[in-house]
Amino acid sequence: MPDMISRRRLLQATLGGACSMAAHPLVSPVVLAAAPGEQRLVVIVLRGGMDGLGVIQPYADRRLRQLRPTLAQRPGEDLHDLDGFFGLHRSFGKLMPLWQAGELSFVHAVSTPYRSKRSHFDGQDFLENGGSSPDGELTRARDGWLNRALGMIPGARASTAIAVGRAHMILLDGQNPSGSWSPANKLGLREDERQLLSRIYAGDELFTAALGEAMELADLGGKASKKENTQTVASFATKMLNQEARIAAFSLTGWDTHRNQERALDRISRDLVTAILTLRDGLGRNWDNTTVVAITEFGRTARENGNRGTDHGTGSAMVLAGGALKGSRVHGTWPGLGESDLFENRDLLPTEDLRRHCAWLLAGQFGIAASDLEKTVFPGLDMGANPGILA
């Protein structure tokens, strides 16, 4: 008879410590947490600094073509007109039916309080931490704003929080525990070993359920090629959101567009489009109660560089999708692109705090009090008036 390993040690050994009884196996860029009610929130971190001026172009601002002689587009084949002033880059055209259905919106000229240094690593950490220091200093606990929010949702079961993806996410770090799973990881057990474990713990419903889900996820991940990873992650998040989970978060990489930006956007846009449409198609009627928000650490320079790309900047944009939106709107205050309008004479000037809109989404979807959002979830934030993102 083989040695009887403790259930905790067994899960740690087979899943690299990423799985426990209370937290399903997953890795870091997606949170899933059970909560009462039918409202759902999906947070997607776009790593690399999405060019908000390139994705949602203010084509009616005459300065755009002066600043970007090769990157600026015109409504028609290259640009999908949104409201007579802004247009959506051609690579995101598959999202236009959502705009027409009132299930797609944007917030322009936004950023976190992190300014001037323009470091990917610091910017991403600060984006996920949600602090208020312009220097990018994290909160004392160095935890994530979405993890802190889990503790504020009445009736939420934080022990069921899950992260999906390969990279570590501060967004989910904190006192509320979360598990992890990567679509590239396999469980590492032969079929006869799986059968043996199933027989040994056949009478333990809790362990059997955890092991069964671990095997299912590992099999799903093992079949996914690099090209399929985005759809795999989004599909898994969809599956959990259709069950008890109400909050999900994951990250998409590759948004650093220093050269050949048009070609780069054609490529990386597929990930975001695939993620949003996979969620829409998989959630079915639950889509009506869902908001997806895609955020990035900073934007790009207003002027294109000599490589037909853009460098690290400041102001960018947020992408919002879902049936819970008051959609078909570009929110925010447009600062203009004149010489005196630019931040440090180089970047789109942020006129909105990105955290403010995330806070109003949490308030609207889960009833978190403004006082908790301003003091704990986003320390130092002034939420101001409701921007009217949700229906």
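Structure's up top.
Predicted, not measured: the structure shown is a model, and the values here were computed from it. (Residues numbered from 1 in each chain as written. Predicted model: local features only at pLDDT ≥ 70, side-chain atom pairs only at ≥ 80, totals over all residues. Heavy atoms only, no water.)

(A) Here's a closer look at helix 9 (residues 229-241). With 13 residues, helix 9 ought to run about 18 Å at 1.5 Å a step, and its terminal C-alpha atoms sit 18 Å apart, in line with that. Burial runs high along helix 9: 10 of the 13 residues are buried. Considered for burial, the residues of helix 9 that qualify are Asn229, Thr230, Thr232, Val233, Ala234, Phe236, Ala237, Thr238, Met240 and Leu241. (Helix = DSSP H or I, 4+ residues; strand = E, 2+ residues; numbered from the N terminus. Expected span 1.5 Å × (residues − 1). Buried < 20%, exposed > 50% of the residue type's maximum accessible area, 1.4 Å probe, protein only.)

(B) Main features of the pattern of salt bridges. Enumeration over the complete set of coordinates arrives at 17 salt bridges. Between aspartate 347 and arginine 118 there is a salt bridge whose closest N-O contact spans 2.7 Å. With aspartate 347 in the loop between strand 12 (330-331) and strand 13 (352-353) and arginine 118 in the loop between strand 6 (104-111) and helix 5 (120-129), the pair connects residues that are 229 residues apart, well separated along the chain. For the pair shown, aspartate 347 and arginine 118 are each scored as buried. Taken together, the shared-partner salt bridges in this structure form one network comprising Asp78, Arg90, Glu262 and Asp266. (Salt bridge = Lys/Arg side-chain N within 4 Å of Asp/Glu carboxyl O.)

(C) Molecular detail of the sheet that holds strand 4 (residues 79-81). In spatial order, the strands read 3-5-4; together these 3 strands make up an open sheet with antiparallel pairing. Unpaired on one side and paired on the other, strand 3 (56-57) and strand 4 mark the two borders of the sheet. (Pairing = 2+ DSSP bridges.)

(D) Region of the structure containing the packing of aromatic side chains. The full count for this structure, using the stated rule, is 6 aromatic pairs. Judged by centre distance (6.2 Å) and plane angle (40°), the rings of tyrosine 114 and phenylalanine 126 are tilted. Of this pair, tyrosine 114 sits in the loop between strand 6 and helix 5 while phenylalanine 126 is found in helix 5, placing the two residues 12 residues apart along the sequence. Each member of the pair, tyrosine 114 as well as phenylalanine 126, is classed as buried. (Phe/Tyr/Trp six-rings, centres within 6.5 Å; stacked < 30°, edge-to-face > 60°.)

(E) View of the packing of helix 9 against helix 10 (residues 261-283). Viewed as axis vectors pointing N to C, helix 9 and helix 10 meet at an angle of 30°, and their least axial separation amounts to 9 Å. Relative to helix 10, the element helix 9 is oriented roughly parallel. Handedness of the crossing formed by helix 9 with helix 10: right-handed. Side by side, helix 9 and helix 10 meet where Thr230, Gln231, Ala234, Ser235, Thr238 and Leu241 of the first sit next to Asp271, Thr274, Ala275, Thr278, Leu279, Gly282 and Leu283 of the second. (Axes fitted to C-alpha atoms, helices over the stretch in contact; angles between N-to-C directions. Parallel < 35°, antiparallel > 145°, perpendicular 65-115°, else oblique. Left-handed = near helix turned anticlockwise from the far one by under 90°. Contact = heavy atoms within 4.5 Å.)

The values are spatial; any link to function lies outside them.
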